Amino acid sequence: MAANKELVLKMYEEMLKIRLFEEATIDVYQKGLMPGLAHPYLGEEAIAVGACTALENDDFITSTHRGHGHLMAKGGDMKKMMAEIMGKKTGYCKGKGGSMHIADVSLGILGANGIVGAGLPIAVGSALSSKRKNNNKVTACFFGDGASNQGTFHEALNMASIWKLPVVFVCENNQYGYSTAISKHIAIENISDRAISYGFPGITVDGNDVEEVYEAVKVAVERARKGEGPTLIECKSYRWTGHSVGDPGTAYRTREEVTENKAKCPIIKYGKKLVENGLATEENLNNIKSSVQEMVKEAVEYAIASPLPDENEIYQDLYV
Ligand SMILES: Cc1ncc(C[n+]2csc(CCOP(=O)(O)OP(=O)(O)O)c2C)c(N)n1
Ligand SMILES: [Mg+2]
């Protein structure tokens, strides 16, 4: 793995794309250019990138309300994403969906989702469809620590297990469900232990280590493709910001806690590792950063310059 220079640099770049895109998203909100909210993925980049790198292009993912990282890591178009976040006609949903409704079925992205835990049964349905069609495709299902307390979690994991469906459950344990710390909403140390009660493997990995996530998901994907059923992978990480762009996140956690966790930055950590192992130079990393900065700048400019949806299209493309 570490010897594959192209792959490791790609993973570094993908994480940086998410980081800078999310910083730009917060900026756009603060400038009053976003007609709604978004949930930043800052600090959790290694999970989406590690997991999606272990998938094939035609595999599927289901996402969450905190979905920008998943969408981008699965190949989502940055310009169309930013335009959608800003409610513009050129966005993924023609400006009518916003951050939490972005999907791109052509890339296997079955959609972000504002309903906590709702992606779990969708992933099981997708995996059941793949099994019936015998098309060898795997579905990766992203969800949070909070979502693992929903009834849909139990139903989805149980059904995926009894039918040995090709699905990988990727739990993003970012230590919070909204303003509730994990110690107040889960009584066990590792969410991955819950897999035992459904009869399939569960493991916990360092969600700030992109290679660790990648390796774990790769094993789970192989198992799923062989028809051996699901795996639950808990990725422990930390939500750097408040719950959404509108939450400063300061009322329910200490500044020290945030600082301590930010010091475990998955991108800085990976950059250092690549340089130490001779897989990249500081110059390589700086060049990647400059090109990603340019990409994000272009996406924001594209979104700002795009028109709002026409008034006469207001009832088009809607479920009414
Ligand atoms: C069914 C449902 N219940 C409650 C909410 C409100 N809500 C939105 S996000 C969230 C917390 C989710 O926590 P977690 O699953 O850990 O995801 P994270 O935000 O940490 O990524 C809640 C309670 C919702 N959107 N849907
Ligand atoms: Mg959470």
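Now for a look at the structure at hand. Residue positions are given per chain, counted from 1 along the sequence in the order it is written. Written order decides the labels, with chains lettered from A and ligands numbered from 1. In keeping with the predicted nature of the model, local features appear solely for residues at pLDDT of at least 70, side-chain atom pairs appear and are counted solely at 80 or more, and the whole-chain, interface and lining totals rest on all residues. Hydrogens and waters are ignored; side-chain quantities use all the structure's heavy atoms.

The coordination sphere of the magnesium ion (ligand 2) contains the protein donors Asp 145 (OD), Asn 174 (OD1) and Tyr 176 (O), at a distance range of 2.0 to 2.2 Å. Mapping the donors of the magnesium ion (ligand 2) onto the primary sequence gives the spacing D-x28-N-x1-Y. With respect to burial, Asn 174 and Tyr 176 carry one shared label: buried. Metal donors were taken as nitrogen, oxygen and sulfur atoms no farther than 2.8 Å from the ion, or 3.2 Å where the ion is Na, K or Ca. Water is excluded, so coordination may look unfinished. Classification of residues uses two cut-offs on accessible area relative to the type maximum, computed with a 1.4 Å probe and protein chains only: under 20% is buried, over 50% is exposed, and between them is partly exposed.

Before going further, it helps to spend a moment on the pairing of strand 6 (residues 202–206). Direction of pairing for strand 6 relative to strand 7 (residues 231–236): parallel, over a ladder of five bridges. Pairing of Ile 203 across the sheet is with Ile 233, part of strand 7. Convention used here: a crossover is right-handed provided that the path from the first strand, over the helix, to the second strand proceeds clockwise when the strands point away from the viewer. A run of DSSP states H or I qualifies as a helix once it reaches four residues; a run of E qualifies as a strand once it reaches two. Both are numbered from the N-terminal end. For the segment spanning strand 6, helix 8 (residues 210–225) and strand 7, crossover handedness is right-handed. Paired strands, in this sense, are two strands between which DSSP finds at least two bridges.

What follows concerns the pattern of salt bridges. The salt bridge definition used is simple: a Lys or Arg side-chain nitrogen within 4 Å of an Asp or Glu carboxyl oxygen. According to the stated counting rule, one finds 13 salt bridges in the structure shown. In this structure, the salt-bridge partner of Lys 94 is Asp 317, at a minimum N-O distance of 3.1 Å. With Lys 94 in the loop between helix 4 (78–85) and helix 5 (119–133) and Asp 317 in the segment after helix 11 (282–305), the pair connects residues that are 223 residues apart, well separated along the chain. Exposure remark for Asp 317: the relative accessible area of 55% places this residue in the exposed category. The shortest N-O distance in the salt bridge between Asp 206 and Lys 269 comes to 3.0 Å. Of this pair, Asp 206 sits in strand 6 while Lys 269 is found in helix 10 (residues 266–276), placing the two residues 63 residues apart along the sequence. Here the salt bridges do not stand alone but share partners, grouping Lys 10, Glu 14 and Lys 17 into one network.

Right, let's get into the sheet that holds strand 7. Strand order in the open sheet formed by five strands is 1-2-3-7-6, with parallel pairing between adjacent strands. Looking along the sheet, the strands with just one partner apiece sit at the ends: strand 1 (60–62) and strand 6. Taken pair by pair, the neighbouring strands of this sheet meet at an average axis angle of 20 degrees, ignoring direction. Geometry is summarised by axes, namely lines fitted to C-alpha atoms with helices restricted to the contacting stretch, and by angles between N-to-C directions that run from 0 to 180 degrees.

What follows covers unusual backbone geometry. The residue Asn 134 is not glycine, and still its phi comes out positive at about 55 degrees. Mapped onto the elements, Asn 134 comes out in the loop between helix 5 and strand 2 (139–144). The phi angle at Tyr 178 is positive, at roughly 55 degrees, despite the residue not being glycine. The exposure class assigned to Tyr 178 is exposed, which follows from its relative accessible area of 54%.

Counted at 1.5 Å a residue, the expected span for helix 5 with its 15 residues is 21 Å, and the 21 Å between its end C-alpha atoms agrees. Burial in helix 5 covers these residues: Gly 119, Leu 120, Ala 123, Val 124, Ser 126, Ala 127 and Ser 130. Projected down its long axis, helix 5 shows its buried positions confined to an angular sector of 160 degrees, all on one face. In helix 5, the exposed positions that point more than 90 degrees away from the buried face belong to Arg 132 and Lys 133. Contacts made by the buried residues of helix 5 are with strand 1, strand 2, helix 6 (151–162) and strand 3 (167–173). One or two steps after helix 5, the chain reaches Asn 134, where phi turns positive at roughly 55 degrees. By definition here, a helix of n residues has an expected span of 1.5 Å times n minus one. The arc in question is traced by the directions running from the helix axis to the C-beta atoms. Contact between two residues is taken to exist if any of their heavy atoms lie within 4.5 Å; hydrogens are not considered.

This part is about the nonpolar core. Definition used in this section: a nonpolar core is a set of buried Ala, Val, Leu, Ile, Met, Phe, Trp, Tyr and Cys residues joined via side-chain atoms within 4.5 Å. Core analysis: the biggest nonpolar cluster contains 72 residues, and Tyr 12, Met 82, Val 168, Val 217, Ile 233, Tyr 270 and Leu 274 have the highest contact counts within it. Looking at this core, the element that brings in the most residues is helix 1 (residues 5–30), giving twelve residues. With sequence-adjacent residues up to four places away left out, Tyr 12 is seen in contact with Ile 267, Tyr 270, Gly 271, Leu 274, Leu 285 and Ile 288. If you look at the next biggest cluster of nonpolar residues, it comprises 22 residues, including Ala 127, Cys 141, Leu 157 and Ile 182.

As a further point, take the packing of helix 1 against helix 2 (residues 45–53). Running from amino to carboxyl end, helix 1 crosses helix 2 at an angle of 135 degrees, the nearest separation of the two axes being 9 Å. Here helix 2 runs oblique to helix 1, going by the angle between their axes. Note on packing geometry: the crossing formed by helix 1 with helix 2 is right-handed. Listed contacts from helix 2 to Leu 7, Met 11, Glu 14, Met 15, Ile 18 and Arg 19 of helix 1 are Glu 45, Ala 46, Ala 48, Val 49 and Thr 53. Lys, Arg, Asp and Glu make up the charged group, whereas Ala, Val, Leu, Ile, Met, Phe, Trp, Tyr, Cys and Pro make up the nonpolar group; the residues left over, Gly among them, are polar. For the contact of helix 1 with helix 2, the per-class residue count stands at seven nonpolar, one polar and three charged. Note on angle classes: values under 35 degrees are labelled roughly parallel, values over 145 roughly antiparallel, values of 65 to 115 roughly perpendicular, and the remainder oblique. When the near helix sits turned anticlockwise from the far one by under a right angle, the crossing is termed left-handed; a clockwise turn instead gives a right-handed crossing.

A few words now on the side chain of Thr 241. Locating Thr 241 in the fold gives a position in the loop between strand 7 and helix 9 (255–262). The residues touching Thr 241, leaving out its near neighbours within four places in the chain, are Ile 26, Pro 40, Leu 42 and Arg 253.

Within 6.5 Å between ring centres, the rings of Phe, Tyr and Trp (the latter by its six-membered ring) count as paired, and their orientation is classed by plane angle as stacked under 30 degrees, edge-to-face over 60, tilted in between. All chains considered together, the criterion is met by six aromatic pairs. The interplanar angle of 25 degrees and the centroid separation of 6.3 Å between the aromatic rings of Phe 169 and Phe 200 together place this pair among those described as stacked. Placement of Phe 169 in strand 3 and of Phe 200 in the loop between helix 7 (182–185) and strand 6 is noted, with a sequence separation of 31 residues between them. Just as Phe 169 is buried, Phe 200 falls in that class too. Relative to Tyr 252, the ring of Tyr 176 lies with its centre 5.8 Å away and its plane at 55 degrees, an arrangement referred to as tilted. In this pair, Tyr 176 sits in strand 4 (residues 176–177) while Tyr 252 sits in the loop between strand 7 and helix 9, placing the two residues 76 residues apart along the sequence. For Tyr 176, a relative accessible area of 5% translates into the label buried. By relative accessible area, Tyr 252 is classed as partly exposed at 22%. Either the NZ atom of lysine or the CZ atom of arginine qualifies as a charge over a ring when it sits within 6 Å of the ring centre and within 35 degrees of the ring normal. Over the face of the ring belonging to Tyr 176 we find Arg 253, whose NZ or CZ atom lies 5.2 Å from the ring centre.

Scope: geometric values only; no functional claims are made or implied.
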